[in-house]
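Commentary on secondary and tertiary structure
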Amino acid sequence: SEKRALDIIYSIEAFIHSPDEDNTLKQWSKALADQGLVIIVDDFLTIGVDKDAEDVQLFSKSWMANMLQTTSSLAEIAGKHNLELVLDRDLGSEYQINKLNYRNQLPDMSPTKKKSHQGWLGSKMRQRLMINGKLTYRLVVFQKHGGAK
């Protein structure tokens, strides 16, 4: 049976957990039809943030966030696989996530018996990085042009 090329690949809050963003984009590009779209809604580093900073690394480890990229650095990787960035929307600002979800406040990071597991720490580090402007929540769309490279 023939494999049919996909028109759209959609990833919401999953891409950040990819162990290899280059290979993920390569495989998605192979699966897409020409002019097909990859739509990603996820957390991205703010331009200029050091991905090796202690707080960023703590977030990465506790949230299992293997993919720490800015949208522009991800666009460079995607370009190797015939994927062009065609839309980059800051959903965090657009939907006032810091105000509505976090009340513009840094999280209480005091561990207790009920609040000491990995997911708890990851969510608190995500909030801290969002409030400190180091992390953004974005919608990015890539469009495939041409065949596989």
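Description of the structure in this document. Keep in mind that what you see is a predicted model, and the values were worked out from it rather than measured. (Residues numbered from 1 in each chain as written. Predicted model: local features only at pLDDT ≥ 70, side-chain atom pairs only at ≥ 80, totals over all residues. Heavy atoms only, no water.)

Along the backbone of the protein chain there are six helices and four strands. Mapped from its N terminus to its C terminus, the protein chain presents α and β elements in the order β-α-β-α-α-β-α-α-α-β. The burial tally for the protein chain puts 41% of its 149 residues in the buried class. For the protein chain, long-range pairs separated by at least 24 residues make up 78% of all intrachain contacts whose partners lie at least 6 apart in sequence. If the 20 positive side-chain charges of the protein chain are averaged to one point and the 19 negative ones to another, these points end up 7 Å apart. (Helix = DSSP H or I, 4+ residues; strand = E, 2+ residues; numbered from the N terminus. Buried < 20%, exposed > 50% of the residue type's maximum accessible area, 1.4 Å probe, protein only. Contact = heavy atoms within 4.5 Å. Lys, Arg positive; Asp, Glu negative; His and termini not counted. Charge placed at Lys NZ, Arg CZ, Asp CG, Glu CD.)

By the definition in use, this model includes six salt bridges. Across the pair Lys80 and Asp22 runs a salt bridge, and its minimum N-O distance is 3.1 Å. Linking Lys80 in the loop between helix 3 (71-79) and strand 3 (83-90) with Asp22 in helix 1 (residues 21-31), this pair joins segments that are 58 residues apart in sequence. Note on Lys80: relative accessible area 47%, which makes it partly exposed. In this structure, the salt-bridge partner of Arg126 is Asp43, at a minimum N-O distance of 2.9 Å. Of this pair, Arg126 sits in helix 6 (residues 118-131) while Asp43 sits in strand 2 (residues 32-45), and the two are 83 residues apart along the sequence. (Salt bridge = Lys/Arg side-chain N within 4 Å of Asp/Glu carboxyl O.)

Looking now at the pairing of strand 1 (residues 6-12). Where strand 1 meets strand 2, six bridges bridge the pair, whose relative direction is parallel. When the bridges of strand 2 are listed, Ile9 appears paired with Val38. (Pairing = 2+ DSSP bridges.)

Counting residues in each nonpolar core, the largest one holds 34 residues, and the members touching the most others are Leu25, Val38, Ile40, Phe59 and Phe142. Elements represented by at least two residues in this core include exactly helix 1, strand 2, helix 2 (54-63), helix 3, helix 5 (97-102), helix 6 and strand 4 (135-144). With near-sequence residues (within four places) excluded, Phe59 lies in contact with Ile16, Asp43, Met64, Ala65, Leu68, Gly122, Met125, Arg126, Leu129 and Leu135. (Core = buried A, V, L, I, M, F, W, Y, C linked by side-chain atoms within 4.5 Å.)

A few words now on the side chain of Arg138. Within the secondary structure, Arg138 sits in strand 4. Exposure remark for Arg138: the relative accessible area of 14% places this residue in the buried category. Side-chain polar atoms of Arg138 contact the side chain of Asp88, separated by 2.6 Å. If we skip the residues at most four places from it in the chain, Arg138 touches Ile40, Val41, Asp42, Phe44, Thr71, Asp88, Arg89, Asp90 and Leu91. (Polar contact = N/O pair within 3.5 Å; in protein donor to acceptor, adjacent residues only side chain to side chain.)

What follows covers the sheet that holds strand 1. Overall, mixed pairing links the four strands, which are arranged 1-2-4-3 in an open sheet. Every interior strand has two partners, whereas the edge strands, strand 1 and strand 3, have only one. Within the sheet, the average angular offset between the axes of one strand and its neighbour, ignoring direction, is 15 degrees. Against the sheet, helix 6 makes contact with strand 2 and strand 4, and its axis sits at roughly 85 degrees relative to strand 4, the strand it touches most. (Axes fitted to C-alpha atoms, helices over the stretch in contact; angles between N-to-C directions.)

Any link to function would need more than the numbers given here.
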